[in-house]
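So the chains spell out like this:
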Amino acid sequence: MADQKTQFLRFKGHRGFTQRLVLSTLTGKPIIIDEIRSGISSTQTGLAPHEVSFIRLLESVTNGSLFDLSRTSTRLAYQPGLITGTVPGVNASAAGDVIEHTIEEKNTRGISYFLIPLALLAPFSKAHMNVRFSGPGVITSATHGTGDISVDTFRTAVLPLYGLFGIPPARIELRVLSRSCPGPHGVGGGGVVEMRFASQVRLPKTLHLNRRPGRIRRIRGVAYCTGVSASHNARMISAARGILNPLVSDVHVAAQYDPAPLVGDNKTGGKKKIGIGFGLSLVAESSADGVLYAADVVAPPGGMVVPEDIGTQCAYQLLEVITQGGCVSAASASTVLTLMAMGSEDVGRLRLGREVLGREETIKLARDLKTFGASSWGIREVDDEADETGDFIISVKGTGVGNVGRKVA
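Keep in mind that what you see is a predicted model, and the values were worked out from it rather than measured. (Residues numbered from 1 in each chain as written. Predicted model: local features only at pLDDT ≥ 70, side-chain atom pairs only at ≥ 80, totals over all residues. Heavy atoms only, no water.)

A. Region of interest: the sheet that holds strand E1 (residues 9–12). Read from one edge to the other, the open sheet built from four strands follows the order E1-E2-E5-E4, with strand pairing classed as mixed. Of all the strands in the sheet, just E1 and strand E4 (66–69) have a single pairing partner and so form its edges. Neighbour-to-neighbour, the strand axes of the sheet open up by a mean angle of 15°, direction not taken into account. Examined bridge by bridge, strand E2 (residues 31–34) and strand E5 (residues 76–79) share three bridges and lie antiparallel to one another. The partner of Ile 32 across the bridge, within E5, is Ala 77. Relative to the sheet, helix H2 (residues 17–27) contacts E1, E2 and E5, its axis offset from that of E5 by approximately 30°. (Pairing = 2+ DSSP bridges. Helix = DSSP H or I, 4+ residues; strand = E, 2+ residues; numbered from the N terminus. Axes fitted to C-alpha atoms, helices over the stretch in contact; angles between N-to-C directions. Contact = heavy atoms within 4.5 Å.)

Here it is, written out as structure tokens:
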């Protein structure tokens, strides 16, 4: 009956799940997602644990949102509410100002799966967005298979780009209280991460990032390990610097060691160590303002890899990302393009590399934005004869949606 009263936008499949929920929330348009893993297997139909967790997170930071899930969880109807942020006494304790969100142990996605869409909603919130992620399923490192970036890459390569839209990064705080790598078979972690987003704006500024990317002036990074010898950090850093130092003189990689987090064991009733592993995050900063390239590599949950291999692989991955060109890497392209589409009703321009533009995620984002009422992108090659990079200039017209909560207030 609800379908006859309300005009729903319809989608199929589980890909782009968080992206579509975020766009629905920002534009205020209800959606229906059908055939969620309906044809994969009889034991893996419907929503995955991380998707259910994201729905609970979205419900906690909004007011008036309605979710209607079918019995087999293969169909979801969502009517968005107002983005309220943290409200003491409502979705946070009366004494505190943080929303506590627990991620269950069956989670296989990195914490950036939750942080990236949450950060997209936060500038349009009525109040500050303060959320603490905890529980046996929090994975702060990068992940294998799913391609999630680590919390360090999100902090150093994604959050600084919000400043290009008039959203001060100085008022965005990301605390890693406890680190964790993927547990056995890539499931679970046990970390603790807290994000405090106090940069609410009425409307993001129009972005013009279509100049030459410039030259790499310095490289920063974080080597982390949990529950293994701290010497793993030095070995990863040494291997990465052996490749990067001949190319860039200013290379600095910090080392972070944490003990393995303890989580409850349902079988024994005691506690067990989980999230053991190590990894490396690297970010290259260009001479042009706002141009960042990121690489992320973590040891597989099964081990059988030495730290030198992780350092070497991450360094070469960073070089490969740089050669892809453009002013935005794949790690942050969706964030930048979404903020451009939600900004003021003016045409912004962004320079993207051919490989980044041709990614499935980028094409799907363009189609979803068009479905939600945004204008089509204008795409043209860089017309500089001296430029042989093959980059493209993407023209995006903002929808002028802005912060509805602040307009009402």
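On we go.
B. Inspection of the side chain of Asp 34 at higher detail. Considering the arrangement of structural elements, one finds Asp 34 in strand E2. Judged by its relative accessible area of 18%, Asp 34 falls in the buried class. (Buried < 20%, exposed > 50% of the residue type's maximum accessible area, 1.4 Å probe, protein only.)

C. Structural context of the packing of aromatic side chains. All chains considered together, the criterion is met by six aromatic pairs. When the ring of Tyr 113 is compared with that of Phe 114, the centres are 5.1 Å apart and the planes differ by 85°; the resulting orientation is edge-to-face. As far as the burial class goes, Tyr 113 and Phe 114 line up, both buried. The interplanar angle of 75° and the centroid separation of 5.8 Å between the aromatic rings of Tyr 162 and Phe 197 together place this pair among those described as edge-to-face. Taken together, the residues Tyr 162 in the loop between helix H5 (151–158) and strand E9 (172–178) and Phe 197 in strand E10 (residues 192–197) connect sequence positions 35 residues apart. Assigned by exposure class, Tyr 162 and Phe 197 land together as buried. Through a chain of ring-to-ring contacts, three or more aromatic side chains come together here, namely Phe 54, Tyr 113, Phe 114 and Phe 133. (Phe/Tyr/Trp six-rings, centres within 6.5 Å; stacked < 30°, edge-to-face > 60°.)

D. Representation of the pattern of salt bridges within the structure. Taken as a whole, this structure holds 22 salt bridges when the rule is applied. Between Asp 152 and Arg 179 there is a salt bridge, with the nearest N and O atoms lying 2.8 Å from each other. Note that Asp 152 is positioned in helix H5 and Arg 179 in the loop between E9 and E10, a separation of 27 residues in sequence. The burial state of Asp 152 is the same as that of Arg 179; both residues are buried. Its salt-bridge partner being Arg 175, residue Glu 173 comes within 2.7 Å of it at the nearest N-O pair. By sharing partners, the salt bridges in this structure join Asp 97, Glu 100, Arg 132, Glu 173, Arg 175, Glu 194 and Arg 196 into a single network. (Salt bridge = Lys/Arg side-chain N within 4 Å of Asp/Glu carboxyl O.)

E. View of unusual backbone geometry. Its identity is not glycine, yet Arg 37 carries a phi of approximately 50°, on the positive side. Judged by its relative accessible area of 13%, Arg 37 is buried. In this structure, Met 304 is a non-glycine residue whose phi angle is positive, near 65°. Among the residues examined, Met 304 registers a relative accessible area of 86% and is labelled exposed.

Purely geometric numbers; function is a separate question.
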